[in-house]
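These are the residues of each chain, in order.
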Amino acid sequence: MLNQHKRNWHAHGVLNTHFKAGKTFSSAAIRDLTFFAGKHGFEKTAGKKIFKLIFKNCTSQDGFHRKDFLEKLWEVLVGNSRTAYFSLESRVFKNQYHYGELDHIGYRITGNISEMMHIMKNHLTRESSWPLYIDTEGTYPRLFNESKLSLITIFDVPSKSVHLFRTVHFTPEELETIKIAVKGLEEFHNLATFGPESSLRTEESKKKGKADEKLNTLDIQQEGMSLLKILKRVVGKEISKTETMSDWTVPILRHDQIYYAAMDAIALHYINIKSEVDWSFNCVMTDFYLTLPSSVKNPQFENTSSRYVTHLPEVLHLERDKYVVAATVVIYPYSFVNVGRPLSYWIHMKNGPPLHVTFPAAQYSALDQIIDSLNYEPPRRRKNRLKRRAPLNPEDIEIFSTMEWSKSHKRAKTDSEREERMKQEAIEENIAAFQAAQDAEEQEAKKIQSEIDEN
C-alpha cells in the first residue's frame, strides 16, 4: 500500500516526465492524478511543486479549465483542504472528444468475465482477412491482482465494433483466463498492436523456455515513434492523447475516456492500411471488379503479379460455403503478344485454287493490323495518312492537352506557393503573439510563487 510520500512524489514524477516529453493532460486527467496522489493528504513541498507544474504547463492549454478549477487545485495541493479534495471526485468536466468514426462504429463496455468470453468465442472467432486491433490501458499503482492492466480494447473491422474489456476487479486467475482467451484469437485472426503489449503476456509465457507462448502480434509501431506522430505522418489525421494518464479504475468510464480508448484502436487500422475510412458507407456488396496490373509495382505495397494488395470500398462479408471468389474476365494489356504462335491454315475458294495463309505471331491492337497482315502489307505508318488540314489524331490531342495541363499546373503551383507563404506569415504572427502571452503567464506565475513563499 502506498503511503502519502510515495503517492505525492509518484504524481509529481508522472507530471514532470510527461510535460518534459511535450505531452498534455486534460482537466479530468489532472483531477484523476491529483485525487490519486492526495488520498492521505499532501506534503507541503510536494503539493507546491505539483501545483507549480500544473500551472506552468496546463494553464495555456486549449480546453483546460482555468479559474475555479485552478483555485480548487490550489486549495487541495497547497492548502491541503480535505473538503476541497473530496469535492474533486464528483466534479464534472465538459466533453472534449468527438470523433465522427464513433457515429458509425459501435462500442461495448463490460467488466463481466463471462460476457467477455462469450464475445470472444462467438463474435471474434469469425475468420476475416482484417486483423483484430488490440490496445490496453494501465493504472497508476499495481492492482491487487499484481497487474497494472485495467482495460483491453479490441477493434473488429468487419462488424464495425469496439469491445472494451475492464479487468480492474479481476482475480489473478480471471485475468490469466482472459489473457489466454485473447491469445486464442490468433487461430482465427492476425492480431495487430502498437508495441509489444507485454501486459497481455500470460504467466506461462513468462516462464523460462515458454517464449513461444507469448502473444504473437503484428507490431505496427515504427522506429519507436508515438502513435500520435505516426498517425499524423502516415494518414494526416490528428487525435488527442490527453486522457493517457487518467484513472482507468473509476467505477464508470467518462465519455472522453471511452472515445480515447476506442479511437486508439481504430487508429491502428488507419496506420495499417495507410488511409482513413468512410465508415458511413454501408452498402452490401455482392460482386465487384478490380483491375490488377501484372508487374507494375505500387510504391505503397510493392505489388507484383504474384502478390497484389488492394482495398475494396467496403468490407465484403463472404459467408463460408455460400460465396465463391473467382476471376471471371482476364484482360491483357496491349503490351502483351496476343497471338502467341503463328497460325497456319487453308482458305478454300469456290472458283479457284485453295489459298494457304500464315498468320504471324505478334501483338495486334487494331483491326487494320490484322487485315494488313493477311494481305501481306507492311505496317501502315501513321504520319503518311495525315493530310493537310486534317484533324489532329488522338495522340496529338493528348499531347496538346498535356501541354495545356502543364501550363495550368505551373500557375496552380505559383498560387499554392503564394498561399503557403501567407500561411507561414500568419503562423509566425501567431507564434509571436503566443510568446507574448507566455511571457505574461511567466510573470503571473512568479507573482503567485512569491505569494506562496510568503504564506
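The model shown is predicted, which means the values in this text are computed figures rather than measured ones.

Parameters at a glance
- Residues numbered from 1 in each chain as written.
- Predicted model: local features only at pLDDT ≥ 70, side-chain atom pairs only at ≥ 80, totals over all residues.
- Heavy atoms only, no water.
- Helix = DSSP H or I, 4+ residues; strand = E, 2+ residues; numbered from the N terminus.
- Buried < 20%, exposed > 50% of the residue type's maximum accessible area, 1.4 Å probe, protein only.
- Contact = heavy atoms within 4.5 Å.
- Areas by Shrake-Rupley, 256 points an atom, 1.4 Å probe, with all protein chains shown as cover.
- Polar contact = N/O pair within 3.5 Å; in protein donor to acceptor, adjacent residues only side chain to side chain.
- Pairing = 2+ DSSP bridges.
- Axes fitted to C-alpha atoms, helices over the stretch in contact; angles between N-to-C directions.
- Lys, Arg positive; Asp, Glu negative; His and termini not counted.
- Salt bridge = Lys/Arg side-chain N within 4 Å of Asp/Glu carboxyl O.

## Observations concerning the overall build of the protein chain
Summing up its helical and strand segments, the protein chain has 13 helices and 8 strands in all. Expressed as a percentage of its 455 residues, the buried residues of the protein chain come to 34%. For the protein chain, long-range pairs separated by at least 24 residues make up 66% of all intrachain contacts whose partners lie at least 6 apart in sequence. Split by element, the accessible area of the protein chain, about 29,200 Å² in all, is 53% carbon and sulfur.

## Comments concerning the side chain of threonine 136
Examined against the element boundaries, threonine 136 turns out to sit in strand β2 (residues 132–138). Since its relative accessible area comes to 13%, threonine 136 is described here as buried. A polar contact of 2.5 Å, which involves the side chain of threonine 136, links it to the side chain of glutamate 197. What threonine 136 contacts, discounting residues up to four positions off in sequence, is Leu149, Leu151, Glu197, Ser199 and Leu200.

## A look at the sheet that holds strand β1 (residues 106–110)
Strand order in this open sheet of 6 strands is β1-β4-β3-β2-β5-β6, and the pairing throughout is mixed. Looking along the sheet, the strands with just one partner apiece sit at the ends: β1 and β6 (218–219). With 6 bridges connecting them, β2 and strand β3 (residues 149–156) associate as antiparallel partners. Bridge pairing in β3 links tyrosine 133 to phenylalanine 155. Strand contacts of helix α6 (residues 113–122): β1 and β4 (161–166), with the helix running at about 145° to β4, the strand carrying the most contacts.

## A word on the side chain of lysine 179
Here lysine 179 is to be found in helix α7 (residues 172–184). Of the side chains with opposite charge, glutamate 203 lies nearest to the buried lysine 179, which makes no salt bridge, at 4.8 Å. Polar contacts involving the side chain of lysine 179 include one to the main-chain carbonyl oxygen of arginine 201, which spans 3.3 Å. Setting aside its immediate chain neighbours within four residues, lysine 179 contacts Leu149, Ser199, Leu200, Arg201 and Thr202.

## Focus: the pattern of salt bridges
Summed over all chains, the structure comprises 9 salt bridges. In this structure, the salt-bridge partner of lysine 237 is glutamate 101, at a minimum N-O distance of 3.3 Å. Separated by 136 residues along the polypeptide, lysine 237 in the loop between α9 (227–234) and α10 (255–273) and glutamate 101 in the loop between α5 (82–89) and β1 bring together distant segments of the chain. Both residues of the pair, lysine 237 and glutamate 101, belong to the buried class. Its salt-bridge partner being glutamate 243, residue arginine 254 comes within 2.7 Å of it at the nearest N-O pair. Separated by 11 residues along the polypeptide, arginine 254 in the loop between α9 and α10 and glutamate 243 in the loop between α9 and α10 bring together distant segments of the chain. Glutamate 243 carries the same exposure label as arginine 254, and that label is buried. When salt bridges with common partners are traced through the structure, they connect Arg31, Asp32, Glu243 and Arg254 into a single cluster.

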